[in-house]
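Summary of the model geometry
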Amino acid sequence: MTDHIAFYGKGGVGISTLISNISAALVEAGFRVLQIGCGLTGDSCSILTGGLPIPTVWDQYGKHGTITFDSVVSRGFKDTYCIELGSPQVEQGASGMAQAFDLLLKHDLISSLCPDFVLYDISGDQTFAVLQALSEKIDLHRIFAVTTADFMSLTAVNSIMIQLERSGDSQVPVPFGGLIPNGIASSFEESFISDFARHTGTHMLGRIPRSLMVRQCELYGKTVIEASPLSNQSYFYRRLANQIVDESIKLTATQQPKPFSREQLRSWAREWADRLYALENGLVADGAAI
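Residues numbered from 1 in each chain as written. Predicted model: local features only at pLDDT ≥ 70, side-chain atom pairs only at ≥ 80, totals over all residues. Heavy atoms only, no water.

Turning our eyes to something else, we now look at the overall build of the chain. Secondary structure summary: the chain contains eleven helices and eight strands in total. Compactness check: the chain gives a C-alpha radius of gyration of 19 Å against a globular reference of 19 Å for 290 residues, within 12% of the reference. With respect to the principal axes defined by its C-alpha atoms, the chain has extents near 70 × 45 × 35 Å. In the chain, buried positions account for 50% of the 290 residues. (Helix = DSSP H or I, 4+ residues; strand = E, 2+ residues; numbered from the N terminus. Rg over C-alpha atoms; globule rule 2.2 N^0.38 Å. Buried < 20%, exposed > 50% of the residue type's maximum accessible area, 1.4 Å probe, protein only.)

The buried count for strand 6 (residues 140-147) comes to eight of eight residues, which makes it a mostly enclosed element. In terms of strand pairing, strand 6 meets strand 7 (residues 176-184) through five bridges, oriented parallel. If you follow Ile143 over to strand 7, its bridge partner there is Phe176. (Pairing = 2+ DSSP bridges.)

Our next topic: helix 7 (residues 187-199). Residues lying three or four places apart along an α-helix face the same way, a consequence of the helix completing one turn every 3.6 residues. The terminal C-alpha atoms of helix 7 lie 18 Å apart, and with 13 residues this matches the ideal 18 Å at 1.5 Å per residue to within 8%. Here helix 7 has its buried residues at Glu189, Phe192, Ile193, Asp195, Phe196 and Ala197. Where helix 7 ends, the next residue or the one after it, Gly201, has phi of about 60°, a positive value. (Expected span 1.5 Å × (residues − 1).)

Before going further, it helps to examine the nonpolar core. Side chains of a nonpolar character, in soluble globular proteins, are inclined to be buried together. Core analysis: the biggest nonpolar cluster contains 51 residues, and Tyr8, Ile36, Leu104 and Tyr120 have the highest contact counts within it. Tallying contributions element by element places helix 4 (residues 93-106) first for this core, with six residues. If we skip the residues at most four places from it in the chain, Ile36 touches Ile83, Leu85, Phe101, Leu104, Ile110, Val118, Leu119, Tyr120 and Asp121. Counting residues in hydrophobic clusters, the runner-up holds 34 residues, among them Val33, Cys82, Leu205 and Leu240. (Core = buried A, V, L, I, M, F, W, Y, C linked by side-chain atoms within 4.5 Å. Contact = heavy atoms within 4.5 Å.)

What follows is the structure in structure tokens.
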């Protein structure tokens, strides 16, 4: 049985790098993995394929009027399968990617690979529209939200949670697998995301620390798993991959998130601003040092 798993978040939080390293860790562990890039730039899988771009579904369809397995399916690190959807025009965004995905289904290219996992890389302004289009066409097993420790990233996560909650009223909601903190540089940042998860009733998976090694490996066109397999950073990616496998084994998700309202989110942000102000100014509250 194939598990279809989507990863979403604000553009710029490092989703493509994260998913590519998860794909590499899963393949390394013996799983058959397909990674599908759902972005307009078509570079989700680049560090799995030596830093080189691969043809998108729309590239091939536009040139030949059809697609074949060999024209759109590329092989990366340890035979990770890679597909980039692309879009015929930037302004078509999610609808263009949905049409590209329809082409994959029409030609039976996903099921022909018999993957254990299909990982979808979804980020940017079209996130919810792409998620909604995918959930209407396939049985998404889990959705994971990726975020860095900044307010705008968490705001984007909360916004998608709200839209998922609303869409779940009219159809079966896609199980929420959890929140993934990415590029974490301090215990404060981890606590910040953890508090957001607690308030929204969200399960938080293991953090991925910020590291120059990630940047270095990207410049080589490789995942950390490939370029530095014995590093501590590789350990964090492998641990996260194991957690995702564990989540996929569960018949149901722990619980669906309960997002903040706009007013609640702003009030929560002010509380954290007060904490930071106290920390920066060495204030003591209720007789306790901060």
